[in-house]
Each structure stands twice: as structure tokens, then as C-alpha cells.
Amino acid sequence: MMKKKVKQYVQQTQTGGKNREQVLKEFSRVLDDQIEKIVLFLLQQQGHLASRIETLGEQRAALMEQSDFSQISQLRDAYREVGYDLVKLLRFLDMNATGIRKILKKFDKRFGYKFTDYYVSTRANHPYSQLQQIFKQVGVVAVVGALSRNLAYLQDHRGSFSSIYDHPSITIKDPVIEQINHSVQKLTHSTNFLQFLGQHALIVPGDMQSGSDLVDDQSYHFLSLLLNLVNTFLYMVNTYIIVPTADDYSVSLGAAATVCGVIIGSMAVAQIFSSVYFSAWSNKSYFRPLVFSSIMLFLGNLLYALAYDLNSLTVLIVARLMCGLGSARAVNRRYISDCVPLKTRLQASAGFVSASALGMACGPALAGLLQTKFRIYGLTFNQNTLPGWVMCLAWLVYLFWLWISFKEPGHSATENSVNTQSSDSAHQVSGNLEDGLGQPLLLDAKERHDEDGEDNDDNEEDPEESHKPATSLAAAYRLLTPSVKVQLLIYFMLKFAMEILLSESSVVTTYYFNWTTSTVAIFLAVLGLTVLPVNVIVGTYVTNLFQDRQILVASEIMVLIGIVMSFCFTPQYSVPQYVTSALITFVFAEVLEGVNLSLLSRVMSSRLSRGTYNGGLLSTESGTLARVAADMMITAAGYLGQSRLLNATLVPSLVICVGSIVATFCTYNSLY
């Protein structure tokens, strides 16, 4: 009905029947009425559930007085039945929250101005806000608390009952309570440490059932998951192990120290292309892409080590390009998304991010340990070549382990069964919702299909086509809304700022402070080790106190402060200034990454959640392009001289950061 209203408004404004101000007022009133209907229905159903819990409480009290424990099991099942009905109610509420976002988005798209900004800003913060009841539902907590307390009370058949209030740290391990908590967290966007880490990987469980929801424990192979995480760890070590010595390596081959930007950035250049073909390859296999990745990285590191004795900068750059062509992070992400059961996917996602962070710290630390020099059979082993030799050996061992231990999942078979089963499951869920609660407010399957088609009525493409995943980067780009583009810009900005900081650290610290390679390695390792503690604090506490969009803006401003502090304003550039500004920039960029990817997964089209050209690939390409641009900027700024290198590379970071903050404020209310 609301979509038809939007169509009518468009026609009326075109023919002069109504002006835009009339349309705004009328549409606001209609939307207010619909939200009020949802909220009143929600309160009514909560009352029904509360009455049932009260009745069950009286039955429980009677059983306790009679010391009759024979009916405990039946009573517990009755409480669980209430819990399952509450889950249905939460799903109903989540469905309507999605509907509200969609109709606001459609209105903005049809009329070309930001009605969402006006509507959210006027409704969300009002003392009688009904919109808050939809998006920040807290009344359900009382019902959840009553269910949890009574189920905990009934856990012990022998009558030695305990209260949840006596043991607040102990959570109730009951399936229905876990389902309710998951639904409440999804609805309120609450989070914990694992979820926050998982957001960095952009493989947090989505709204709909995916292939991995149907993966059972028998088909799940833990060792294969471990091999994917080890691949992630080794690749990150491979990326950052050369950073402390890249400038010295380029000088030893007769080039300028700032050519280290080209050496480091070559890997990212190749990754732009490898991300696409690895993402497509993972549609058919996981084992073969991982084998190819290991071989490319083995050969790339071998050439990297040999470039010194060959005295060839070209061989050195080709070596790094080959390493970039072996980047299988798209495969690692896809494996977790498709082949790990839903109940462990969050831990696997957190493991992916942790492996990346650990590799980022271990790479420079390992480089700091390789400060030696010797020759064997005419081959030179020193601080420049040893990173190549060490990683060459590491990838050879990994390839052998992969060959004997990896278990290829039944990819195509699983995919076919998933398509069928997930469709049936979706109809079953919608049927249960209709039968259980809210018949007047829910559409049946046929009407929903019609609505889905109507949702794309302004496209000339077939409705069936409009729900298929994007088949090219161009098609994926056309699906990007302004909010998604802004989030990708923020991701570009934070990766650009981090790459500038890390890649030029060796040149800058050597010029200003005469730091040795070991000192640079320790500094970079310490930066990398801040990732997990910061995520613990933010994921456990901060995200439960503030909205994601508030943390996003605050983190952007702190990154801006870190960049400004990094500028060399006086001839006396001090170590405390550099280290402090670097810590602020790096730490808040890490915080920003988690929140940014969380918001990105929330505002992007569902068509970008699957297929080769998905949201994960877009964010990877955005971050990789940022790294390439940053490394090229370092090399280009090197022509100005090392005395101007720092400020010359910080200016683009400053401009992009300011631009991303302005863009964030322009789309702030669409992130609600």
C-alpha cells in the first residue's frame, strides 16, 4: 500500500495535483499510522505472552507447594512454547523494521531528496517516539527475563533451585533463550567481542538463511578451516615482513629509499586482480585456489630472495607482483561463509580477523629477528633477503600440509541443495509467522512475491533478474546507494591512512630519528599488537553504549586528529609526537574498520551478499586500491626529497579524511 502511495504521489506532483510539501505531510502521516499499528500490535502480543507466563507461574507455584516434580518437564516445555512465540514476534518486528527502511529508501529514490533524514531526525529523538519501539525495542527484555528466571528455576528436577540473580555471570543454556537473545541482538544491533571482530571480516551471519546454515557437523571439517586461517596468517606475515627493510633493499639495488612504496605496493596492485578471479574460482573449488595461491607465493618469495644476488629491481618488483597474485583472502572469507556451521561461524570470523592481526604484528617482528648476514653456495642471506627465504620455506611447508590434510567440501552439490532447502525454509518460516502472530500485518507468500517484484518497479529488468546476484563489477556498482558509497569511501580513507603510516615508517624514522631496522620492526609489531586489545574494549563495552554511527563519526574525527598531529610543523620533530600520532591514527582506524564494515553490511543491497561480485569483494577492492594509491604516493613524494616526504604524503590523507567526515554527516540519518 505504501509503495502504491509513493507511485500516486509521483504522478500527482508531475501533473500538479499536489506540491511536495503536501506530499511530505501526507506521507509522514500515513507512515506514522502504520508504525503506530505495528507498535500497538507489539504491545498487545507482549501482553498475551505476559499473561501466559503469569498463568504458568501460578502452576509452578502450585507444583512446588505439592512437591510434585513429575510435571516439571511439561511445565518447562510450556515455558519454551512461550519463548518460541516470542521469537516469532521478534521476527515479525524485524521484518517490519526492514520494511520501514525500504519504504524510506524508495521515497527518497523516487522524489530525489532526503525524506529519511527529516523523518528519522524528527521521530527518533522525540520523547514519545514510536520509531524507537521498532528499532530499539527494550520492552521484550522483561518477558525474556521472566522466561530465563523460570527456566533456570526448573532446571534441577530434585528441587535444589537457584536464581539467575544469585549468579549473574551464568547464562541459561537453553535453546529457546539462545534464539531469543540472538533475535534481540539482531534487532537492537547490540554486539559482543566476537561479533565486533567478525564485522572486520564482513562475514557476519546475514538476515536470511545461507548455505552454511545448512552445513551439519559431519560435513564440517575443522582442519580445513584451520588451513584457511593459517593461509590468512601467513599472507599477512608475507605482506608486512618486508616493510622494515624495503627501503634498505631498494637502496642496495641502486634505487632511492622511497622506491620502497613501489616494492610494498606491487603486492596490492596484483591483489586487485587476484581478488576477482579467486572470488570466482571459489564458486567451484576451495582446494585448487589454495594450492595455486601457495605455489605463487612460494615462487614470489623465491624471486624476492634471489633479486639481491641478481642485482635486479625488476625481479624484486615482479616477485612482489607474484605474491599479490597469490592472495587467497577471498577464498578464506568464502570458505567461512559457506562451509562453517552457523553456530561456529562467528568464532571462525573472529579467528579470521585475529589471524590477520597476528600476522600483521608477527611480520615486522620476524624481520627484526633476521638481522644477520652470511653466504651459502654463492647465495646471500641478509636482512633484505632472509624475509624471502623464510616465507619461501613457510609456504612450502604449508603447501605440503594443505595437500595431505585439506578436505574439499561437496561444493556444487551443497549449492544445489541449499538453493532448494533455503527456499522451502523461507516459506516455512513465513508460514509459521502468519499462523502464529500478526495475520493482518503480514503478507502471504504470493503477495510477498508480488511486492518483491514491485520493489523493483522502477527498473526495466525482469523482477526475477532483480533478485539475482551481481554478475560484474559494473553491475555491483549500480547497486551502490549513497550510503554504501560513503562507507566504501570511509574504508578507502582508513586503509590509505594506515598504509601511509606503515609503509613510510622506515624511511621517516630513519631520516628524523636514525632508528635501526630492529627499532622500526619493534614499533610496527607494537602497532599490530594493539588490534586485539582495542577490539576487546570496543566490542565488549563501547558498542553496547553508543550507536554504530556515533562511533563511526567519533573514530573518523580521532583519525583526523592523529593525521594532523603527524605533520612536521617545526624543524625539531620528536619521537613522542610521531609515536603518539601514529598510535592515535592506527588504533582509531582499527576501531573505524569494524564499525564501518558493520554499517556497510547493513546498508548494502541483499544482492551484494552473495555471488562473485559481493560486498566483501567490493570492500577488498576499495581497501586494496587505497593501499596501491598510498604506496604510489610515497614513491612520488620521494622526488620532493626525504625532508618533505612526511608532510607531502599526509596532505592527501588529510583531504580524504575531511571528505569522508563531510560525506558521513550527509548520510548520517540513513545509517539509523
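Residues numbered from 1 in each chain as written. Predicted model: local features only at pLDDT ≥ 70, side-chain atom pairs only at ≥ 80, totals over all residues. Heavy atoms only, no water.

Chemist: A description of the overall build of the protein chain should follow, citing residues and the corresponding values.
Modeler: Helix and strand content of the protein chain: 27 helices and two strands. The buried share of the protein chain, taken over its 672 residues, is 52%. Long-range contacts, defined here as pairs at least 24 residues apart, represent 83% of the contacts in the protein chain between residues at least 6 apart. Accessible surface computed for the protein chain: about 29,800 Å², of which carbon and sulfur atoms make up 60%. (Helix = DSSP H or I, 4+ residues; strand = E, 2+ residues; numbered from the N terminus. Buried < 20%, exposed > 50% of the residue type's maximum accessible area, 1.4 Å probe, protein only. Contact = heavy atoms within 4.5 Å. Areas by Shrake-Rupley, 256 points an atom, 1.4 Å probe, with all protein chains shown as cover.)

Chemist: Report on the pattern of salt bridges, specifying residues and quantitative values.
Modeler: Taken as a whole and assessed by the stated rule, the structure comprises nine salt bridges. Across the salt bridge formed by Asp85 and Arg52, the nearest N and O atoms sit 2.7 Å from each other. Taken together, the residues Asp85 in helix α3 (residues 72-111) and Arg52 in helix α2 (residues 20-66) connect sequence positions 33 residues apart. Close ionic contact of Lys495 with Glu593 constitutes a salt bridge, the shortest N to O distance being 3.6 Å. On the criterion of sequence distance, the pair formed by Lys495 in helix α20 (residues 482-503) and Glu593 in helix α25 (residues 575-603) is long-range, its members being 98 residues apart. The network of salt bridges with common partners includes Arg52, Asp85 and Lys88. (Salt bridge = Lys/Arg side-chain N within 4 Å of Asp/Glu carboxyl O.)

Chemist: Describe in detail the side chain of Thr664, supporting the description with residues and values.
Modeler: Here Thr664 shows up in helix α27 (residues 642-666). Those residues in contact with Thr664 that lie beyond four places of it in its chain are Val486, Ile490, Leu552, Val553 and Glu556.

Chemist: Break down the confidence of the model for the protein chain for me, citing the residues and quoting the values.
Modeler: Predicted confidence across the protein chain gives a mean pLDDT of 80, with 79% of residues reaching 70 or more. In the predicted structure, residues 157-161 sits below a pLDDT of 50 and forms nine contacts with residues beyond four places in sequence or in another chain. Note on residues 412-463: pLDDT under 50 across the span, and 60 contacts to partners over four residues away in sequence or across chains. (pLDDT = per-residue confidence, 0-100.)

Chemist: Explain the side chain of Ser356 residue by residue, including any values.
Modeler: Structurally, the position occupied by Ser356 is in helix α15 (residues 342-369). When its relative accessible area of 9% is taken as the criterion, Ser356 is described as buried. Those residues within four positions of Ser356 in sequence are excluded, and the remaining contacts are Thr232, Met236 and Arg329.

Chemist: Residues and numbers for empty space enclosed by the protein, please.
Modeler: Summed over the entire model, instances satisfying the criterion amount to three cavities of 30 Å³ or more. Together, 26 residues line the largest cavity, and Met236, Arg329, Tyr491, Lys495 and Glu593 are the ones closest to its centre. Only α9 (222-240), α14 (329-339), α15, α20, α25 and α26 (615-637) provide two or more residues apiece to the lining of the largest cavity. Looking at the lining of the largest cavity residue by residue, the class counts come to 11 nonpolar, eight polar and seven charged. In this structure, the second largest cavity is lined by 14 residues; those nearest its centre are Ile500, Leu501, Glu504, Ser566 and Leu650. Those elements that provide at least two residues to the lining of the second largest cavity are α20, α24 (548-566), α25 and α27. With four residues, α25 is the largest single contributor of residues to the lining of the second largest cavity. For the lining of the second largest cavity, the class distribution of residues is nine nonpolar, four polar and one charged. (1 Å grid on protein atoms, 1.4 Å probe; cavity = no way out; pocket = protein on both sides within 12 Å on 5 of 7 lines; lining within 4 Å. Points joined across faces, edges and corners; volume = space filled by probe spheres on them. Nonpolar A, V, L, I, M, F, W, Y, C, P; charged D, E, K, R; others polar.)

Chemist: Account for the nonpolar core, naming residues and giving values.
Modeler: Grouped together as the largest cluster of nonpolar side chains are 122 residues, with contacts concentrated most on Leu225, Leu402, Phe406, Phe586 and Leu608. The greatest single-element share of this core, amounting to 13 residues, is contributed by α20. Residues within four places of Phe406 in sequence aside, it is in contact with Ser224, Leu227, Asn228, Tyr286, Phe287, Leu290, Tyr335 and Trp401. In this structure, Ile53, Leu56, Phe92 and Ile177 belong to the second largest nonpolar core, which totals 27 residues. (Core = buried A, V, L, I, M, F, W, Y, C linked by side-chain atoms within 4.5 Å.)

Chemist: Now, about the packing of helix α22 (residues 517-529) against α25: what can you tell me, with residues and values included?
Modeler: Think of two packed helices as two axes; the pair is described by the angle between the axes and how far apart they sit. Packing of α22 against α25 brings their axes to within 10 Å, and their N-to-C directions diverge by 35°. In this structure, α22 meets α25 at a crossing whose hand is right-handed. Touching Phe523, Leu527 and Gly528 of α22 are Tyr578, Val579, Ala582, Leu583 and Phe586, all from α25. Class assignment of the residues belonging to the contact of α22 with α25 gives a composition of seven nonpolar, one polar and no charged. (Axes fitted to C-alpha atoms, helices over the stretch in contact; angles between N-to-C directions. Left-handed = near helix turned anticlockwise from the far one by under 90°.)

Chemist: Tell me about a nonpolar patch on the surface, and name the residues and values.
Modeler: A cluster of nonpolar residues, Phe374, Ile376 and Tyr377, forms a patch on the protein surface that exposes about 380 Å² of accessible area. Relative to the elements of secondary structure, Ile376 occurs in strand β1 (residues 374-376). (Patch = residues over 30% accessible without salt bridge, like charges linked within 9 Å, V, L, I, M, F, W, Y side chains within 5 Å.)

Chemist: Tell me about unusual backbone geometry, and please be specific about residues and values.
Modeler: Phi angles above zero are rare outside glycine, and Asn311 is one such case at about 50°. Here Asn311 lies in the loop between α12 (287-310) and α13 (313-325). One non-glycine residue, Tyr377, lies in positive phi territory at about 50°.

Chemist: If you had to explain the packing of α20 against α25 to someone new, which residues and values would you point to?
Modeler: Close contact between α20 and α25 brings their axes to 9 Å; oriented N to C, the two are set at 155°. If you check the angle between α20 and α25, you find them roughly antiparallel. At the point where α20 passes α25, the crossing takes the left-handed sense. Its residues assigned to classes, the contact of α20 with α25 comprises 19 nonpolar, four polar and three charged. (Parallel < 35°, antiparallel > 145°, perpendicular 65-115°, else oblique.)

Chemist: I'd like a description of the environment of Pro175, backed by residues and values.
Modeler: Structurally, Pro175 is set in helix α7 (residues 175-188). When its relative accessible area of 48% is taken as the criterion, Pro175 is described as partly exposed. Separated by 92 residues in the primary sequence, Pro175 and Gly83 have C-alpha atoms spaced 9.6 Å apart.

Chemist: I'd like to hear about α9, residue by residue, with values.
Modeler: Taking 1.5 Å per residue as the helical rise, α9 with its 19 residues ought to reach 27 Å, and the 27 Å between its terminal C-alpha atoms agrees with that figure. Most of α9 sits inside the fold, with 14 of its 19 residues counted as buried. (Expected span 1.5 Å × (residues − 1).)

Chemist: How would you summarise helix α6 (residues 140-153) if you had to cite specific residues and measurements?
Modeler: The terminal C-alpha atoms of α6, which comprises 14 residues, lie 20 Å apart, in line with the 20 Å expected from a rise of 1.5 Å per residue. Those residues of α6 lying buried are Val140, Val143, Val144, Leu147, Ser148, Asn150, Leu151 and Ala152.

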